[in-house]
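Understanding the architecture of this molecule
Spelled out, the chains give:
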Amino acid sequence: VFFVYGIGALSNASLKDYAGGVENAFVGGLSQLFTTLPQAAWFYSGIESLNTLANDVANPQKTIPKSQVYCMYTLLGTSWCIYLVSISLPPGAVNLPSQMAVTNGGFTAMFNVTATQATLVTLPAAVSAIPGFALTSSNILAALADSKLLPEALAHLHPVYKTPDRALVCVAVVAFAMCFPVLHLPNFGQTIYNVCMIFGFSAYIAQCLGYLYLHRHHATLDRQYTSPAGPAGAIYAIVVFATSLTSLLFAQGDGYVYVSVSGAILLVLTVYYHVYAKQRQAFSADERTQLFFAHVAKHVHAKSKAPVPSLPSVYKQRVSSTTAGNSIFQSVVPVASQPRVANNRIRSVHVKAAIAYTDRDSQDGGS
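Read on for an overview of the structure. As the structure is a computational prediction, the values presented were derived from the model and not from experiment. (Residues numbered from 1 in each chain as written. Predicted model: local features only at pLDDT ≥ 70, side-chain atom pairs only at ≥ 80, totals over all residues. Heavy atoms only, no water.)

Let's shift gears to the overall build of the protein. Within the protein, the regular secondary structure consists of 14 helices and two strands. Within the protein, buried positions represent 25% of all 367 residues. Look at the contacts in the protein between residues 6 or more apart in sequence, and 67% of them connect residues 24 or more apart. When the accessible surface of the protein is summed, it comes to about 23300 Å², and 67% of that surface belongs to carbon and sulfur atoms. (Helix = DSSP H or I, 4+ residues; strand = E, 2+ residues; numbered from the N terminus. Buried < 20%, exposed > 50% of the residue type's maximum accessible area, 1.4 Å probe, protein only. Contact = heavy atoms within 4.5 Å. Areas by Shrake-Rupley, 256 points an atom, 1.4 Å probe, with all protein chains shown as cover.)

Structure follows, in structure tokens:
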């Protein structure tokens, strides 16, 4: 839809006639930019949803990060294309915010249809995002249920398609139920959007902080993809997300409705966690697998700051003699000849070897 819009509208586009000139280049100044910045986030929200598909793609450690980069390039290109084309068509840049869909001007000019009919042409582009968000939401619900933070029934997988069918039904019911208050209550849709973006920006900031933590404390972990922006990119993203979050909370002229609603939701979730989920929560199998290496690396990082006691030579001989076995798990064991072991000087051996040595040593009366 957007490809047809961008190409087809070029014959009718005119920045000179519809963009409004230099006086419209920066409408409202920095204060208006600060207020409207969170709305621009809608162009780019959803890229993080690819993370929830790790169980459904091959080699997710490499595939998903690259896919996210390609998504960002695509979104940057399409967003700039839509922006430049939409302000170059009727009804003009000044009247564009009052339109139901920014693409109406282009489709009206291309197909000689009414604004209502032009909106119907745009509808498939909006509807196509629904399955993606529904699948993402259901995957998150299923993951929470798998960790017993939600009822375990939501973690059920379809016997054939292996999708979280019950979580999908739950998401569909809630989404459909939201349609009625959006239609009949003023500003309800905008409130829901802004509250969702408040939690979204909070999650984005947490992800960036997590990246910085892993980059600093677990630099030796094997990675199949390295961010080209590095820590500087994460810090820049935190600044943008924090600015947008602050704008939503305090600069929307809503009488702090968004703050109140977000606070109420947090309060309800906090009570729910302490009353119901806290006593039931547990690491899922996926979490144990993913966090195992991080915990081991953290433990070794802490140990590397203290002197390592000298180990008997038989220890090294027994470990080296048992590393011939195969295991998908790996641990880290310091080399006895090194008084202090840095992260980049840690010897990696199979867990099976360590277990074998422990078993033999216990049989010999050792500890």
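Take helix α6 (residues 115-127) next. Its 13 residues give α6 an end-to-end C-alpha distance of 18 Å, which sits within 8% of 18 Å, the value for a rise of 1.5 Å per residue. Most pronounced at Val121, the bend in α6 amounts to some 30 degrees, and the proline Pro124 follows within four residues. (Expected span 1.5 Å × (residues − 1). Bend = angle between axes of the 7 residues up to and from the residue.)

Before going further, it helps to spend a moment on the nonpolar core. Residues Met197, Ile198, Phe201, Cys208, Phe241 and Leu245 are the most contacted members of the largest nonpolar core, which totals 16 residues. Looking at this core, the elements that each hand over two or more residues are α9 (188-217) and α10 (230-250). Each residue touching Phe201, except ones within four places of it in the same chain, is listed here: Pro38, Ala41, Phe241, Ser244, Leu245 and Leu248. In terms of nonpolar packing, the next biggest core, distinct from the first, is built from seven residues, Ile82, Val85, Phe107 and Ala118 among them. (Core = buried A, V, L, I, M, F, W, Y, C linked by side-chain atoms within 4.5 Å.)

At a closest axis distance of 8 Å, the pairing of helix α7 (residues 129-146) and helix α8 (residues 165-184) adopts a crossing angle of 120 degrees. Considered as vectors, α7 and α8 are oriented oblique to each other. Seen along the crossing, α7 lies across α8 with a hand that is right-handed. Taking contact as the criterion, the partners of Ala134, Leu135, Ser137, Ser138, Leu141 and Ala142 in α7 are, on α8, Ala167, Leu168, Cys170 and Val171. Classifying every residue of the contact of α7 with α8 gives eight nonpolar, two polar and no charged. (Axes fitted to C-alpha atoms, helices over the stretch in contact; angles between N-to-C directions. Parallel < 35°, antiparallel > 145°, perpendicular 65-115°, else oblique. Left-handed = near helix turned anticlockwise from the far one by under 90°. Nonpolar A, V, L, I, M, F, W, Y, C, P; charged D, E, K, R; others polar.)

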